[in-house]
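One letter stands for each residue in the lines below.
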Amino acid sequence: MQSPSLSIITSPITLLHSWKSPQSPAFPDLSPILPLPTPVSSAFQHRVSTKSTSRITSFPRIPPELFLDIISFLAVPDTSTVSDIYDQSNLADICNCSLVSRFWLYAARDHLWRYVRLESGRRGNNFIELLQHYTSGHGSTLPSFVPHVKHLFIRESRGGLSWNPKWLNAALPTLAGSFINLHSLEAERITWEYLSSKSRDAFMKGFKGVRKLALRVFEFRTTLDMIRVIGEFEDVEALALDGVCCEWDDIPADSEVFVSRAGDRLGAIPKPPRKLKELAMRGTRIRHVLKWMTAAMKHDGGQVTVEVLRLGALGVKSAPAVGKFLKMLGANLKELHLGFDAAFIDDGDEIVSQIDLGHNNVLREMHVYGLIIPSLPPPDLSGLYLSPPPPQLMPLTALLDGVRAPLRALSLALHPADLHALSSMDFEGLAHVLNGKAWTTLECVQVVVATEDDGRMGGIVNQKLDRLFERGVLRVDVGFDDREVILI
């Protein structure tokens with residue numbers, strides 16, 4: 001690590017050797033296994049030697065903010081991927097920093113333990129033993145790392161192999177009862193019915209205070225089981241349901257049942273999280289969850305808190321519930337992400353007819369994913385059918401034509417089969433809409449052409465949307481679309 005403002009400090013390792021106190025049993029001397037310190041200037045060595053008679057202390061003599069900057073520099077990766085924090089070189093450097101003093105230990109632990117990922121039985125069981133070591137008072141001279149854990153990811157093992165058995169059911173009570181400052185929880189590949197009643201209670205009570213909750217590839221026996229679990233997390237501000245499955249649907253056709261049964265203790269259906277700001281769903285029973293939330297909003301006199309809505313794999317069945325929910329959100333909605341399934345090619349008109357964005361008049365961002373453009377049939381050489389086929393993705397034009405909000409950002413993810421398919425898109429109608437007065441507030445229009453190309457596809461988009469290009473707000477990216485419609 002080099003920095004112009006740290007000319008006196010040549011590397012973090014130098015600091016480690018300068019300030020580590022070998023007399024403390026809590027910080028063993030690891031000099032045989034640490035890299036040698038970087039040589040320092042003679043002027044710096046002279047300054048150190050002139051003060052050699054002063055009392056030796058292990059507490060740092062430079063501002064604490066500087067130490068936090070050093071450790072943050074090591075901990076924060078260049079990319080935005082959370083898993084990059086587990087890079088072994090980063091871990092080694094931060095672990096070395098934790099050996100300098102108690103002050104450095106606390107600062108390093110904040111980065112070391114902020115994200116905890118437990119993806120297998122072996123790692124999960126080892127972590128449980130570590131937790132029990134710190135919580136049971138078995139001889140540790142250091143304060144517990146538990147308060148530093150802010151984000152927890154847990155995944156159940158498939159259990160098909162002898163060396164990777166299922167582990168989460170036995171570990172959940174310990175995990176849920178340990179973390180006092182947990183901010184977000186991400187649970188994956190869990191079958192709710194397979195958990196014991198003790199583990200279920202621990203999951204809902206111990207993690208009740210999290211602000212972000214993500215359930216991925218999560219299986220429930222019934223739809224009501226799913227709704228009851230979600231409703232227990234009253235303080236959740238961001239909720240993601242990705243690939244959540246229910247064996248069968250037991251929600252009555254009359255949505256008023258959510259209100260009438262709310263006072264029944266045995267079959268009570270809780271209200272949605274009261275502080276929910278961001279809702280994301282894909283591949284789950286979207287219409288059931290939205291139906292539940294819409295009924296609760298009506299019962300509470302229209303109290304709405306959701307500001308960011310992300311929906312993936314949107315189809316015909318869920319479109320009516322989505323339209324009602326968007327109408328209920330009204331002016332509260334600030335950001336909308338819509339990802340359509342492959343059926344949008346044939347059912348786009350019916351889906352869009354259920355969605356009216358005119359009620360969301362303060363929308364700031366809109367992002368549309370999954371716009372597949374199939375290949376056109378070969379031209380008819382017989383001359384019997386002279387009329388050309390209609391442009392593709394006309395439902396997209398109709399959807400955007402209903403926007404009345406002063407949007408600042410718009411993005412479209414196109415998946416054309418080939419160059420000819422992209423050219424057949426309804427660019428004329430799309431340009432007419434985006435060049436209207438209602439869209440003068442646009443600051444960024446991103447079009448992602450998610451396919452391999454030699455550069456011609458990007459040129460077609462720039463040519464068809466030339467007025468946006470001239471305004472300097474159009475950005476065209478050709479290649480794999482790495483954005484996620486479901487992300488909190």
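If you're wondering where the values come from, they're calculated on a predicted model, not measured in any experiment.

Considering the overall build of the chain
Link 1 in the chain: On a plain count of helices and strands, the chain comes out with 18 helices and 14 strands.
Link 2 in the chain: Total accessible area computed for the chain in this model is approximately 25300 Å², and 53% of it derives from carbon and sulfur atoms.

As for the pattern of salt bridges
Link 1 in the chain: Counting across every chain of the model gives 16 salt bridges.
Link 2 in the chain: Two residues, arginine 282 and aspartate 242, come together in a salt bridge whose shortest N-O distance is 2.7 Å. Of this pair, arginine 282 sits in strand E8 (residues 278-282) while aspartate 242 sits in strand E6 (residues 238-242), and the two are 40 residues apart along the sequence.
Link 3 in the chain: The closest approach of N and O atoms between arginine 475 and aspartate 477, which form a salt bridge, is 3.1 Å.
Link 4 in the chain: Its relative accessible area of 46% is what places arginine 475 among the partly exposed residues.
Link 5 in the chain: Exposure remark for aspartate 477: the relative accessible area of 25% places this residue in the partly exposed category.
Link 6 in the chain: Residues participating in the shared-partner salt-bridge network are Glu186, Arg216, Asp242 and Arg282.

Section: the packing of aromatic side chains
Each aromatic ring pair is described using two quantities: the centre-to-centre distance and the angle formed by the ring planes.
Link 1 in the chain: Applying the stated criterion across every chain, the model contains 12 aromatic pairs.
Link 2 in the chain: Between the aromatic rings of phenylalanine 127 and phenylalanine 145, the centroid separation amounts to 5.9 Å while the plane-to-plane angle is 65°, which identifies the pairing as edge-to-face. One end of the pair, phenylalanine 127, is in helix H6 (residues 121-135); the other, phenylalanine 145, is in the loop between H6 and strand E2 (151-155), and 18 residues separate them in sequence.
Link 3 in the chain: Taking the relative accessible area as the measure of exposure, phenylalanine 145 reaches 0% and is therefore buried.
Link 4 in the chain: Between phenylalanine 203 and phenylalanine 207 the ring centres are 5.5 Å apart and the planes differ by 85°, which places this aromatic pair in the edge-to-face class.

Describing the side chain of histidine 151
Link 1 in the chain: Within the secondary structure, histidine 151 is located in strand E2.
Link 2 in the chain: Excluding residues within four positions of it along the chain, histidine 151 makes contact with Arg114, Tyr115, Val116, Leu182, His183 and Ser184.

Quick look at the sheet that holds strand E1 (residues 115-118)
Link 1 in the chain: Strand order in the open sheet formed by 12 strands is E1-E2-E3-E4-E6-E8-E9-E10-E11-E12-E13-E14, with parallel pairing between adjacent strands. For this open sheet the edge positions go to E1 and strand E14 (474-478), each flanked by a neighbour on one side alone. Taken pair by pair, the neighbouring strands of this sheet meet at an average axis angle of 5°, ignoring direction.
Link 2 in the chain: In this sheet, strand E9 (residues 308-314) lies alongside E8 in parallel orientation, the contact comprising 5 bridges. In the sheet register, alanine 280 faces E9, and the bridge partner there is arginine 310.
Link 3 in the chain: Its contacts with the sheet place helix H11 (residues 286-299) against E6, E8 and E9, and it is angled at close to 150° to E8.

Remarks on the confidence of the model for the chain
Link 1 in the chain: Looking at the chain, pLDDT values average 80 and 75% of them are 70 or higher.
Link 2 in the chain: The model gives residues 1-54 a pLDDT under 50, and that stretch makes 58 contacts with residues more than four places away or in other chains.

Quick word on the nonpolar core
The tendency in soluble globular proteins is for nonpolar side chains to be buried as a group.
Link 1 in the chain: Of all hydrophobic cores here, the largest spans 109 residues; its most connected members are Ile154, Leu175, Phe203, Phe207, Leu279 and Met366.
Link 2 in the chain: Those residues in contact with leucine 279 that lie beyond four places of it in its chain are Leu239, Leu290, Met293, Val306, Val308, Leu309, Arg310 and Phe325.

What to know about the environment of glutamate 188
Link 1 in the chain: With respect to the element layout, glutamate 188 can be found in strand E3 (residues 184-188).
Link 2 in the chain: A relative accessible area of 14% means that glutamate 188 is categorised as buried.
Link 3 in the chain: Discounting residues that sit within four places of it in the chain, glutamate 188 has contacts with Phe153, Ile154, Arg155, Glu156, Arg216 and Val217.

Quick look at unusual backbone geometry
Most peptide bonds adopt trans geometry, and most residues besides glycine take a negative phi value.
Link 1 in the chain: The backbone phi angle of valine 217 is positive, close to 50°, even though this residue is not glycine.
Link 2 in the chain: By secondary structure assignment, the location of valine 217 is in the loop between strand E4 (212-216) and strand E5 (219-222).
Link 3 in the chain: Looking at valine 217, the relative accessible area reads 44%, which means it is partly exposed.
Link 4 in the chain: With a phi angle near 55°, alanine 313 is a residue other than glycine that sits in the positive phi range.
Link 5 in the chain: Its location among the elements puts alanine 313 in strand E9.
Link 6 in the chain: For alanine 313, a relative accessible area of 42% gives the class partly exposed.

Some thoughts on the packing of helix H7 (residues 168-176) against helix H8 (residues 197-206)
Link 1 in the chain: It is the contact of H7 with H8, at a shortest axis distance of 8 Å, that shows an interaxial angle of 30°. Relative to H8, H7 is oriented roughly parallel. Here the hand of the crossing between H7 and H8 comes out left-handed. Together, Asn169, Leu172, Pro173 and Ala176 of H7 and Lys198, Ser199, Ala202, Phe203 and Gly206 of H8 make up the contact between the two elements.
Link 2 in the chain: Residues belonging to the contact of H7 with H8 are distributed by class as follows: 5 nonpolar, 3 polar and 1 charged.

Thoughts on helix H13 (residues 344-353)
An α-helix turns once per 3.6 residues; consequently, residues spaced three or four apart project the same way.
Link 1 in the chain: Three or more residues of H13 are buried, namely Phe344, Gly348, Ile351 and Val352. Taken down its axis, H13 places every buried residue within 90° of arc, on the same side. Turned more than 90 degrees off the buried face of H13, the exposed positions are Asp346, Asp349 and Ser353.
Link 2 in the chain: Taken together, the buried residues of H13 touch E9, helix H12 (319-329), strand E10 (335-340), strand E11 (365-373) and helix H14 (394-401).

Concerning the packing of helix H9 (residues 223-231) against H11
Link 1 in the chain: Relative orientation of the contacting elements H9 and H11 amounts to 55°, with a least axis distance of 11 Å. Put simply, H9 runs oblique to H11. Here H9 runs over H11; the crossing is right-handed. Contacts between H9 and H11 involve Thr223, Met226, Ile227, Ile230 and Gly231 on the former and, on the latter, His288, Val289 and Trp292.

A look at the pairing of E2
Link 1 in the chain: Counted residue by residue, E2 has 5 buried out of 5 residues, so it is predominantly covered.
Link 2 in the chain: Of the two faces of E2, the one lined by His151, Phe153 and Arg155 and the one lined by Leu152 and Ile154 are each fully buried.
Link 3 in the chain: Bridge count for E2 against E3 is 5 bridges, and the pairing is parallel. For arginine 155, the partnering residue across the bridge sits in E3 and is glutamate 188.

Criteria and cut-off values
Residues numbered from 1 in each chain as written. Predicted model: local features only at pLDDT ≥ 70, side-chain atom pairs only at ≥ 80, totals over all residues. Heavy atoms only, no water. Helix = DSSP H or I, 4+ residues; strand = E, 2+ residues; numbered from the N terminus. Areas by Shrake-Rupley, 256 points an atom, 1.4 Å probe, with all protein chains shown as cover. Salt bridge = Lys/Arg side-chain N within 4 Å of Asp/Glu carboxyl O. Buried < 20%, exposed > 50% of the residue type's maximum accessible area, 1.4 Å probe, protein only. Phe/Tyr/Trp six-rings, centres within 6.5 Å; stacked < 30°, edge-to-face > 60°. Contact = heavy atoms within 4.5 Å. Pairing = 2+ DSSP bridges. Axes fitted to C-alpha atoms, helices over the stretch in contact; angles between N-to-C directions. pLDDT = per-residue confidence, 0-100. Core = buried A, V, L, I, M, F, W, Y, C linked by side-chain atoms within 4.5 Å. Parallel < 35°, antiparallel > 145°, perpendicular 65-115°, else oblique. Left-handed = near helix turned anticlockwise from the far one by under 90°. Nonpolar A, V, L, I, M, F, W, Y, C, P; charged D, E, K, R; others polar. Arc of directions from axis to C-beta.

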